[in-house]
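Remarks on the overall topology
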Amino acid sequence: MAKVTGIFRYPVKGLSSNPMERVDLSPEASVPCDRLYALALANTEFDPENPQFLRKIHFLMLMRDEQLALLDTEFIEDGHRLIIRKAGVQLLNASLLSREGREEVAVFFENFMGAKLKGRPRVVTAEGHMFADVSKQNLSMINLDSVRDLESKTGLSIDPNRFRGNLIVEGLGAWKEFDLVGQSIEIGEVTFAVTKRIDRCAATNVNLETAERDMNIPLQIRKNYGHIDCGVYVDVIKGGTLTVGDTIQAL
């Protein structure tokens, strides 16, 4: 039986995930607060009054800035507080709703990234905007069966969270998520349209515990399957509550 085994959001683009047991989803939107904030590079132009899609190269991101994986972050929705820890030690607790809090976060990352950055980054956000890798709001769904199949072919032990999915599912069968593209599925109370396969980048090469680039995931996928895709994008077409353990039905 295909089911959801994990729900995650990434409140700040490039930083660690926050696991969730349940979430209320609305049509044409992602998980609330997912990629709501980003750390824009000093030379990035972003207008919160007229937010436009920007490629991830304009922000701090794991694909280039692997040391971000050393930080464990917690997002508290009440007050939009960002708590940053490293090796279990709390380094920062600041509200992203206040100018002072956003400046604290900017100074922290300026110091943390060191000479790698040219100028202080900025915490950016805009109402209704999502700093995703695609230009529309959706969720990404990762199939554990596919990850396990890749593990069996490579001998690697792969943390599925390397793929930074909103939904982790299992029971579909390896790579069967690709067969769902163009179809609708129902999970709990929510109906999704499965829209597109996700091609993977070098961010997946980063070990989320050590921040080392210890694998070449896109290369391994290409060598074994002839593509670099893992996971699919899904759009919410009927909202409702989604809970870990909910089963998946094709419509």
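Preceding this paragraph is the structure being described.
Heads up: these notes are all about the structure in this document. (Residues numbered from 1 in each chain as written. Predicted model: local features only at pLDDT ≥ 70, side-chain atom pairs only at ≥ 80, totals over all residues. Heavy atoms only, no water.)

1. Notes on the sheet that holds strand β12 (residues 190-199)
- If you trace the eight strands from one edge of the open sheet to the other, you get β2-β1-β10-β9-β13-β12-β11-β15, paired in mixed fashion. Each edge of the sheet is formed by a strand with only one pairing partner; in this case those strands are β2 (18-20) and β15 (248-250). The average undirected angle you get between the axes of adjacent strands in this sheet is 35 degrees.
- Relative to β12, strand β11 (residues 184-187) runs antiparallel, the two sharing four bridges. Note on β12: the bridge partner recorded for Ile185 is Phe192. (Pairing = 2+ DSSP bridges. Helix = DSSP H or I, 4+ residues; strand = E, 2+ residues; numbered from the N terminus. Axes fitted to C-alpha atoms, helices over the stretch in contact; angles between N-to-C directions.)

2. Notes on empty space enclosed by the protein
- The tally for this structure, following the rule as stated, stands at one cavity of 30 Å³ or more.
- Its volume calculated, the largest cavity comes out at about 30 Å³.
- Along the walls of the largest cavity sit Pro11, Val12, Leu15, Ser16, Asn18, Thr73, Glu74, Phe75 and Leu82, which together make up its complete lining.
- Considering every element that reaches the lining of the largest cavity, the biggest residue donor is strand β5 (residues 71-76), with three residues.
- Its residues assigned to classes, the lining of the largest cavity shows five nonpolar, three polar and one charged. (1 Å grid on protein atoms, 1.4 Å probe; cavity = no way out; pocket = protein on both sides within 12 Å on 5 of 7 lines; lining within 4 Å. Points joined across faces, edges and corners; volume = space filled by probe spheres on them. Nonpolar A, V, L, I, M, F, W, Y, C, P; charged D, E, K, R; others polar.)

3. Things to note about the sheet that holds β5
- With antiparallel pairing, three strands are arranged side by side in an open sheet as β5-β6-β7. The open sheet has two edge strands, β5 and β7 (89-95), and neither has a second partner. The mean angle between the axes of side-by-side strands here comes to 20 degrees, regardless of whether they run parallel or antiparallel.
- Of the pairings in the sheet, the one linking strand β6 (residues 81-86) to β7 comprises six bridges and is antiparallel in character.

Any functional reading would require information beyond the geometric quantities listed.
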